[in-house]
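Now for the letters of each chain:
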Amino acid sequence: MTIKIVTSEKGTPAGKLAEAELQFTDGPLEGLKLVGFAVWERKNGSGRNVTFPARSYSVNGERRSFSLLRPLVDSTAQNRIRDQILDAYVEQVGAVEAAV
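As a starting point, this report considers the structure included with it. Computed from a predicted model, the values in this text were never measured in an experiment.

**Things to note about the pairing of strand β5 (residues 54–59)**
As paired strands, β5 and strand β6 (residues 62–67) are joined by six bridges and run antiparallel to one another. Residue pairing for β6: A54 is matched across the bridge by S67. Taking the residues between adjacent antiparallel strands as the criterion, β5 and β6 are bridged by two residues, where N60 takes a positive phi near 50 degrees.

Written out as structure tokens, the structure is:
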């Protein structure tokens with residue numbers, strides 16, 4: 001699996017730094033990609049956060065979201081992919097800044 005980072009050029013919406021997608025290079029998902037991840041600057045300014053693909057819906061006028069990538073058992077399983085996405089973002093931003 002590889003992680004592709006597409007940086008946000010115009011900063012819209014505010015705080016959004018990049019979008020990320022998982023590209024599968026082996027196994028039964030080879031040739032497919034999972035989109036909908038985003039890297040955000042934390043509102044308090046200390047660090048970054050990753051949001052996962054989700055679908056919005058409403059119940060009695062209240063807007064909710066349903067996470068499309070969910071852990072089977074271990075609730076911390078998403079941390080591994082979150083960390084890999086953040087690492088890929090830092091690598092790409094560092095390479096871009098070094099080229100400037």
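**A look at unusual backbone geometry**
Phi angles above zero are rare outside glycine, and N60 is one such case at about 50 degrees. Residue position: N60 is located in the loop between β5 and β6. Judged by relative accessible area, N60 falls into the exposed class, the value being 81%.

**Some words on the side chain of E21**
By the secondary structure assignment, E21 is in strand β2 (residues 16–23). Owing to a relative accessible area of 12%, E21 belongs among the buried residues under this scheme. Side-chain polar atoms of E21 contact the side chain of Q23, separated by 2.7 Å. In contact with E21, not counting residues within four places along its chain, are T2, I3, K4, K33, L34 and V35.

About the criteria used
- Residues numbered from 1 in each chain as written.
- Predicted model: local features only at pLDDT ≥ 70, side-chain atom pairs only at ≥ 80, totals over all residues.
- Heavy atoms only, no water.
- Pairing = 2+ DSSP bridges.
- Helix = DSSP H or I, 4+ residues; strand = E, 2+ residues; numbered from the N terminus.
- Buried < 20%, exposed > 50% of the residue type's maximum accessible area, 1.4 Å probe, protein only.
- Polar contact = N/O pair within 3.5 Å; in protein donor to acceptor, adjacent residues only side chain to side chain.
- Contact = heavy atoms within 4.5 Å.

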